[in-house]
Amino acid sequence: MSSYGKNYDVIVVGAGHAGCEAALASARMGCSTLLLTMGLDTVAQMSCNPAIGGLGKGHLVHEIDALGGEMGLNIDATGIQFRRLNMKKGPAVRAARAQADRMAYSARMKQVVEAELLLDLKQGVVIDLLTEGGRVAGVRTREGLDFNARAVVLTTGTFMRGLIHIGLHNYSGGRAGEPASEGLSDALRGYGFIVGRLKTGTPARLAARSIDYSRLERQPGDESTKPFSFLTERIDRQQVDCYIAHTNERTHQIIRDNLDKSALFAGVIEGIGPRYCPSIEDKVVRFPEKNSHQTFIEPEGRNSAEMYPSGMSTSLPPEVQLQYFRSMVGLEQVEIMRPGYAIEYDFVEPTQLKPTLETRALPGLYHAGQINGTSGYEEAAAQGLLAGINAALGCREQEQLVIGRDQGYIGVMVDDLVTQPTLEPYRMFTSRSEYRLLLREDNADQRLTELGRMIGLVSERRWQTYQQKREQIAAGRHLLQENMITPANKELIESLRLGELRNGVSLEALLRRPEISIDRLLDICTELQKFSAQALEQLEVSIKYEGYIKRQMEQVARFREYEEIAIPEGIDFFQLQSLSTEVREKLASVRPATLGQAGRIQGVTPAALAVLHIHLRKLQRG
């Protein structure tokens, strides 16, 4: 082996969504960074659905953006259809989603990576880690080169021992048409890591011109688009349409008749698949009472001939895929351009990580994305951002960043990963957060931008935008408190349908009424018209839900009591004879950083937590 001859602060392995965010964060924080990828032409590739956002996932994208990440800006620049979901529900569960131009998304992200001054992008396949003095010291590639660094971030996606299944045929691959990464997972086992096996899948890609759109339900984008990034002022591009199709009883019968040819049902696949994104054959078997399943037929790009049928992932043979698609209304003459497939891959059990995403077994080594057992571009990007931040902070010998469950969905996700065993690929949902009214999309910048500024990742432009919005919210609140509607304003009272008004009422009090929106107050208080839509939205939510928000803040204050009780890193849990063997084993395995985190480990009872609390108080007293 020969050395490349250039030392880096941080090496990031894999240039998917996690790898790009990790490398950009590290470089932007002043660390010399190397991003190694198996293929320079597949940077930020959208292997499955060409879309960003959705319930829970859109929250992650806003948080990535608030901290200074790139995903929000990238989808704003390359999205071809934008929609906001759950707009008839409360603000905590409203979410943004955008269909992306798959090739444009990848191309723009690659340009951003290549333009970053302290970041080198190179092609190479990592097969082993270099270590020195009990910590990571770089990577070794299949091409015979050693690259040295002070920190390494692994973002391997589905490539570690990837195995693609199409029907009963399988072959080695990290993605269709790309080789798997061999050797690295064995190397990780050699360093003492627990390595498991998971499975995911993707549907066939359909030829756009072979679909009869007149027989499908059209789904346009929103007339008024809301950007993902707090820096994007507006999106003016013409949007493309998506379409809705449905399976039927004939479709289901074709699938049932061919289950013996499915790798999943024939027992060929060992890995566990995502419960919340099952294959079409899995849906048919698990929900026999359903006569139909919906699929969104989505374009892969503005100029692409391929259409993506969401929710139709499969491991059935290509001829069966063609047969069941042609049984669906509007798809009777459809042609398949690429068959769907299932893929198995290795992951590393994330309970072996610290909340910073650094591995406990090998200091300086960080894991992010599907190597941690997660699914989804947004989950990967959020982990990549945090891992890149902490790799850079570690190189600067500064305290590393931990995001709490009360601060962001990033914190919820990482806490879930490092405290709970992985039983299936992890996916973010708003229901995973106990404080979701505080962790809304609209206030992600108010929650996290100051953190990003403190660590040196937030640019001056972003900081000024954040400050301006904060000032507008404060000024808007003052205006709403000071402006009154009195009984003398009869025409206004009538137009707002306020009924009989005996005393004056402030616009703030008026806005608390569910039927009054802030848009209706803009003509009454014209000074509000100069404020940004983002500031007005957050102002409205904070006033309408003030009581609920206050209660959640009180819950957070109680929660923080346990979160602030640190558990010494070298504590020997097996000496706590008052705890059961099972609890001691789980505590020793996860090694929680705080008492609050210990309480979220499956099997650690409130009684066990009380015993641990007493022991920690004794240690503190000395």
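Residues numbered from 1 in each chain as written. Predicted model: local features only at pLDDT ≥ 70, side-chain atom pairs only at ≥ 80, totals over all residues. Heavy atoms only, no water.

### Observations concerning the overall build of the protein chain
Applied cut-off: Helix and strand labels come from DSSP, where a helix needs a run of H or I of at least four residues and a strand needs a run of E of at least two; each type is numbered from the N terminus. The quantity called the radius of gyration is restricted to C-alpha atoms. Its globule counterpart is 2.2 Å times the number of residues to the power 0.38. The cut-offs for exposure are 20% and 50% of the maximum accessible area for each residue type, with area from a 1.4 Å probe on protein chains only; residues under the lower value are buried, those over the upper are exposed, and the others partly exposed. Two residues form a contact once any of their heavy atoms are found within 4.5 Å.
Helix and strand counts for the protein chain come out as 19 helices and 22 strands. Taking 2.2 N^0.38 as the reference for a compact globule, 622 residues should give roughly 25 Å; the C-alpha atoms of the protein chain span a radius of gyration of 26 Å, in line with that estimate. Its C-alpha atoms put the protein chain at 85 × 75 × 50 Å along the principal axes. Looking at the protein chain as a whole, 58% of its 622 residues qualify as buried. Within the protein chain, contacts between residues separated by at least 24 positions form 73% of all contacts whose residues are at least 6 apart in sequence.

### Regarding the packing of helix α1 (residues 17-28) against helix α9 (residues 377-395)
Stated formally: To get an axis, a line is fitted to the C-alpha atoms, and for a helix only the part in contact is used. The angle between two axes follows their N-to-C directions and goes from 0 to 180 degrees. Each angle receives one of four descriptions, namely roughly parallel if under 35 degrees, roughly antiparallel if over 145, roughly perpendicular if within 65 to 115, and oblique otherwise. Left-handed describes a crossing in which the near helix is turned anticlockwise from the far one by less than a right angle; the clockwise case is right-handed. As a working rule, the residues Ala, Val, Leu, Ile, Met, Phe, Trp, Tyr, Cys and Pro are called nonpolar, Asp, Glu, Lys and Arg charged, and the rest polar, with Gly in that last group.
Contact geometry of α1 with α9 gives a least axis separation of 7 Å together with a crossing angle of 30 degrees. By the angle between their axes, α1 is roughly parallel relative to α9. Seen from above, α1 lies across α9 with right-handed handedness. Facing H17, A18, E21, A22, A25 and S26 of α1, the residues of α9 in contact are Y377, A380, A381, G384, L385, G388, I389 and A392. Tallied by class, the residues present in the contact of α1 with α9 amount to nine nonpolar, four polar and one charged.

### Quick notes on the environment of R512
Along the polypeptide, R512 turns up in the loop between α14 (507-511) and α15 (533-544). A sequence separation of 316 residues divides R512 from G196, and the C-alpha atoms of the two residues are 51 Å apart. Setting aside its immediate chain neighbours within four residues, R512 contacts R477, I543, K544 and E546.

### Here we look at the packing of aromatic side chains
Aromatic rings considered in pairs are described by the distance between their centres and by the relative angle of their planes. We apply this condition: Only the six-membered ring of Trp is used, alongside the rings of Phe and Tyr, when aromatic pairs are assigned; centres must lie within 6.5 Å, and planes under 30 degrees apart are stacked while those over 60 apart are edge-to-face, with the rest tilted. Counted as over-ring charges are cases with an Arg CZ or a Lys NZ within 6 Å of the ring centre that also lie within 35 degrees of the ring normal.
Under the counting rule described, the total for this entry stands at five aromatic pairs. With centroids separated by 5.1 Å and ring planes inclined at 40 degrees, the aromatic side chains of W463 and Y466 adopt a geometry described as tilted. Taken together, the positions of W463 and Y466, both in helix α12 (residues 460-482) and three residues apart, correspond to about one turn of that helix. Judged by relative accessible area, Y466 falls into the buried class, the value being 3%. Its guanidinium or amino end placed over the ring of Y426, R432 lies 4.1 Å from that ring's centre, counting from NZ or CZ.

### Overview of the layout of surface pockets
We count it as follows: Cavity and pocket criteria rest on a 1 Å grid covering protein atoms alone: a 1.4 Å probe that fits but cannot get out defines a cavity, protein on both sides within 12 Å along at least 5 of 7 lines defines an open pocket, and an atom within 4 Å of a point defines a lining residue. Grid points are joined across faces, edges and corners, and a volume is the space filled by probe spheres set on the points.
Reported here for the second largest pocket is a volume of approximately 1100 Å³. Every residue lining the second largest pocket is counted, 34 residues in all, and those nearest its centre are K226, S532, A533, Q534 and E537. Going through the elements one at a time, α12 and α15 are the ones with two or more residues in the lining of the second largest pocket. For the lining of the second largest pocket, a count of residues per class yields 11 nonpolar, nine polar and 14 charged.

### Concerning helix α17 (residues 581-590)
The line we're drawing: Summarising the geometry, the arc corresponds to the directions from the helix axis toward the C-beta atoms.
Those residues of α17 lying buried are V583, R584, L587 and V590. Within α17, the buried residues cover an arc of 145 degrees as seen down the axis, which keeps them to one side. In this structure, the buried side of α17 is in contact with α10 (409-419), α18 (595-599) and α19 (606-621). Looking at the residues trailing α17, positive phi occurs at R591, about 50 degrees.

### So, unusual backbone geometry
A positive phi angle, close to 50 degrees, is found at R161, a residue other than glycine. With respect to the helices and strands, R161 occurs in the loop between β9 (145-154) and β10 (163-166). By relative accessible area, which is 31% here, R161 ends up partly exposed. Even without glycine at this site, E397 takes up a positive phi of about 55 degrees. With respect to the secondary-structure elements, E397 resides in the loop between α9 and α10.

### Thoughts on the sheet that holds strand β4 (residues 79-85)
For the record, the criterion: Criterion used throughout: strands pair if DSSP finds at least two bridges between them.
Across the sheet, three strands lie side by side as β3-β5-β4; this open sheet has antiparallel pairing. Among the strands making up the open sheet, the edge pair consists of β3 (51-53) and β4. Neighbour-to-neighbour, the strand axes of the sheet open up by a mean angle of 15 degrees, direction not taken into account. Along the sheet, helix α3 (residues 71-78) makes contact with β3, β4 and β5 (95-100), crossing β4 at roughly 115 degrees.

### As for the pairing of strand β19 (residues 341-348)
Residues in a regular strand project their side chains so that they alternate between the two faces of the sheet. In terms of burial, β19 is a largely internal element, eight of the eight residues being buried. Residues Y341, I343, Y345 and F347 of β19 are buried on one face, and the alternating residues A342, E344, D346 and V348, pointing to the opposite face, are buried as well. The sheet contact formed by β10 and β19 spans three bridges and is antiparallel. For H165, the partnering residue across the bridge sits in β19 and is A342. Across eight bridges, the pairing between strand β12 (residues 195-202) and β19 is antiparallel. Residue pairing across strands places T202 opposite Y341, the latter belonging to β19.

### Let's talk about the domain arrangement of the protein chain
Stated precisely, the cut-off is as follows: Note that the domain bounds reflect an automated or database-derived domain assignment.
Per the domain assignment, the segments making up the protein chain are domain 1 (2-202 + 345-455), domain 2 (205-341), domain 3 (477-549) and domain 4 (565-621). Computed from C-alpha atoms alone, the centre-to-centre distance between domain 2 and domain 4 is 47 Å.

### Here's the deal with the sheet that holds strand β13 (residues 205-207)
In space, the six strands of this open sheet follow the order β14-β15-β16-β17-β13-β18, with antiparallel pairing throughout. Of all the strands in the sheet, just β14 (217-219) and β18 (336-338) have a single pairing partner and so form its edges. Averaged over all neighbouring strand pairs, the angle between strand axes comes to 35 degrees, with direction disregarded. With respect to the sheet, helix α8 (residues 318-325) is in contact with β13, β17 (306-309) and β18, its orientation differing from that of β18 by roughly 140 degrees.

### Points about helix α4 (residues 102-115)
What counts, and what does not: Expected span, for any helix, means 1.5 Å times one less than how many residues it has.
The terminal C-alpha atoms of α4 lie 20 Å apart, and with 14 residues this matches the ideal 20 Å at 1.5 Å per residue to within 8%. Every buried residue belonging to α4 is among R102, Y105, S106, M109, V112 and V113, and all of these are buried. One side of α4 carries all its buried residues, which in axial view fall inside an arc of 125 degrees. Within α4, the exposed residues directed more than 90 degrees away from the buried face are M103, Q111 and A115.

### Observations regarding the pairing of β17
Residues E306 and Y308 line one face of β17 and the alternating positions M307 and P309 line the opposite face, and both faces are buried. Of the pairings in the sheet, the one linking strand β16 (residues 294-299) to β17 comprises three bridges and is antiparallel in character. The residue of β17 that forms the bridge with I297 is P309.

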